[in-house]
Amino acid sequence: MGLMVNGQWTDRWYDTDTTNGQFIRADSQFRRQITADGLTGFKADTGRYHLFVSYACPWAHRTLIVRALKGLDHAIGVTVVKPVMLKRGWEMPEGYDGGDGLPKAFYLHHVYAHTQTDYSGRVTVPVLWDKQRECIVNNESAEIVRMFNSEFNALADNPQLNLYPPHLAKEIDRLNAEIYEQVNNGVYRAGFATRQEAYEAACSALFLALESLEEQLSENRYLLGDRITEADWRLFTTLLRFDSVYYSHFKCNLRRLAEFPNLWAYTRELYQWPGVADTVRFDHIKQHYFRSHPTINPNGIVPLGPELDFGEPHGRDETLPISPM
């Protein structure tokens with residue numbers, strides 16, 4: 001796992017020596033906005049934008065889910081990188097050759113360099129690419145999700161779905177911030193910690209948050225009641241990976257997700273939403289985590305288990321009410 005320094009790729013792991021063993025995630029740097037009216041210079045249009053994603057990455061997974069739920073598959077193309085990320089970073093899939101507004105690239109860092117020749121920083125997914133201007137528009141998943149939710153409605157098959165309704169915006173933002181710190185990024189802060197104290201602090205905060213969410217979901221079908229929102233899908237991509245990866249690989253092993261009855265049923269329900277299962281590839285998820293982090297798993301052994309049935313009836317609709325979108 002590396003980064004770019006002044007446009008040159010460097011194989012360098014995260015620096016935790018200066019942070020008392022804590023993993024600190026850097027902010028995304030490409031933050032341009034697509035709008036329905038195009039006043040930003042980036043107008044929502046069919047076929048103009050393209051996603052580079054990994055099925056393994058929970059941040060990229062958010063964008064694939066919202067793209068599917070909104071019915072934007074026909075409007076926004078996708079390239080899925082190879083699951084294992086080694087010394088050269090994310091690698092393009094077999095057969096990718098660019099063209100038609102897409103950059104020539106063997107690795108994702110070539111896409112970054114095509115946009116900014118002196119770029120310095122991590123090379124992450126997702127990446128939202130503009131085929132017309134031939135540059136990265138945005139590489140912040142939270143902002144890509146928002147754009148898909150609101151700015152592409154004229155092109156969407158499901159424009160009536162609004163995952164960020166104005167009357168819930170403040171509560172969604174509050175939940176997103178808490179879940180990001182303690183859960184989404186919390187599993188990484190535990191897994192990438194290099195000192196015992198840093199690991200224990202992150203792992204303890206993670207499970208306190210899961211216990212709170214378990215209680216919340218004992219009374220509500222979704223995080224904010226009977227309506228699913230962006231906050232649910234942001235939580236879901238971490239929960240989906242929990243028992244298969246984070247429990248063992250990142251040492252988040254105080255309890256399995258399956259031992260939280262409400263969280264486990266909730267995760268199964270979201271997995272069973274139409275179109276969501278098609279965005280999930282556990283082969284990519286497990287190959288990536290267990291083979292891409294030699295500092296954590298030096299032999300790259302990929303475990304066979306656990307056996308999980310996300311298709312098992314969830315029962316959430318039998319005990320909790322639901323309202324239309």
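Residues numbered from 1 in each chain as written. Predicted model: local features only at pLDDT ≥ 70, side-chain atom pairs only at ≥ 80, totals over all residues. Heavy atoms only, no water.

Enquirer: Hey, could you go over the sheet that holds strand S6 (residues 127-130) for me, with residue numbers and the actual values?
Expert: If you walk across this open sheet you meet the four strands as S4-S3-S6-S7, and the pairing is mixed. Taken across any chain shown, the strands that pair with only one partner, and hence form the sheet edges, are strand S4 (77-80) and strand S7 (135-138). The sheet shows a mean angle of 35 degrees between the axes of neighbouring strands, taken without regard to direction. Bridge analysis of S6 against S7 gives three bridges, and the strand direction is antiparallel. Bridge pairing in S7 links Trp-129 to Ile-136. (Pairing = 2+ DSSP bridges. Helix = DSSP H or I, 4+ residues; strand = E, 2+ residues; numbered from the N terminus. Axes fitted to C-alpha atoms, helices over the stretch in contact; angles between N-to-C directions.)

Enquirer: Any details on helix H6 (residues 196-219)? Residues and values, ideally.
Expert: Across its 24 residues, H6 extends 36 Å between first and last C-alpha, which sits within 8% of the 34 Å expected from 1.5 Å per residue. When H6 is considered as a whole, its buried residues turn out to be Ala-198, Tyr-199, Ala-202, Cys-203, Leu-206, Phe-207, Ala-209, Leu-210, Leu-213, Glu-214 and Leu-217. (Expected span 1.5 Å × (residues − 1). Buried < 20%, exposed > 50% of the residue type's maximum accessible area, 1.4 Å probe, protein only.)

Enquirer: Please set out the packing of aromatic side chains residue by residue, giving values where relevant.
Expert: Scanning the model with the defined rule gives 29 aromatic pairs in all. Residues Trp-233 and Trp-273 carry aromatic rings whose centres are separated by 5.8 Å and whose planes lie at 85 degrees to one another, so their mutual orientation is edge-to-face. Linking Trp-233 in helix H7 (residues 230-246) with Trp-273 in the loop between helix H8 (261-271) and helix H9 (282-292), this pair joins segments that are 40 residues apart in sequence. On the basis of relative accessibility, which here comes to 2%, the residue Trp-233 falls in the buried class. A relative accessible area of 17% means that Trp-273 is categorised as buried. Judged by centre distance (5.5 Å) and plane angle (90 degrees), the ring pair of Tyr-246 and Tyr-289 falls under edge-to-face. Note that Tyr-246 is positioned in helix H7 and Tyr-289 in helix H9, a separation of 43 residues in sequence. In this structure Tyr-246 comes out as buried when scored by relative accessible area, which is 0%. Since its relative accessible area comes to 1%, Tyr-289 is described here as buried. Joined through ring pairs, the aromatic side chains of Trp-13, Tyr-14, Phe-23, Trp-59, Tyr-180, Tyr-188, Phe-192, Phe-207, Phe-242, Tyr-246, Phe-250 and Tyr-289 make up one cluster. Over the ring of Tyr-107 we find Arg-88, and its NZ or CZ is 5.3 Å from the ring centre. (Phe/Tyr/Trp six-rings, centres within 6.5 Å; stacked < 30°, edge-to-face > 60°. Lys NZ or Arg CZ within 6 Å of the ring centre and 35° of its normal.)

Enquirer: Which residues make up the sheet that holds strand S2 (residues 8-10), and what are the values?
Expert: Backbone hydrogen bonds hold the strands of a sheet together, and the pairing may be parallel or antiparallel. Taken in spatial order, the three strands of this open sheet run S2-S1-S5, and their pairing is antiparallel. Looking at which strands have only one partner, the edges of the open sheet turn out to be S2 and strand S5 (121-122). When strand S1 (residues 3-5) meets S2, the two strands line up antiparallel, connected through three bridges. Note that in S2 the partner of Leu-3 across the bridge is Thr-10.

Enquirer: Tell me what's going on with the environment of Thr-40, and back it up with residues and numbers.
Expert: When you line up the elements, Thr-40 lands in the loop between S2 and strand S3 (49-53). Considering only alpha carbons, one finds Thr-40 and Asp-73, 33 residues apart in sequence, at a separation of 23 Å. When sequence neighbours within four positions are dropped, the list of residues in contact with Thr-40 reads Gln-33, Ile-34 and Thr-35. A polar atom in the side chain of Thr-40 sits 2.5 Å from the backbone oxygen of Gln-33. (Contact = heavy atoms within 4.5 Å. Polar contact = N/O pair within 3.5 Å; in protein donor to acceptor, adjacent residues only side chain to side chain.)

Enquirer: Provide a residue-level description of the nonpolar core, including the pertinent values.
Expert: Within the largest apolar cluster, 100 residues are counted, with the highest numbers of intra-cluster contacts made by Leu-108 and Trp-233. Per element, the largest residue contribution to this core is 10 residues, and it comes from H6. (Core = buried A, V, L, I, M, F, W, Y, C linked by side-chain atoms within 4.5 Å.)

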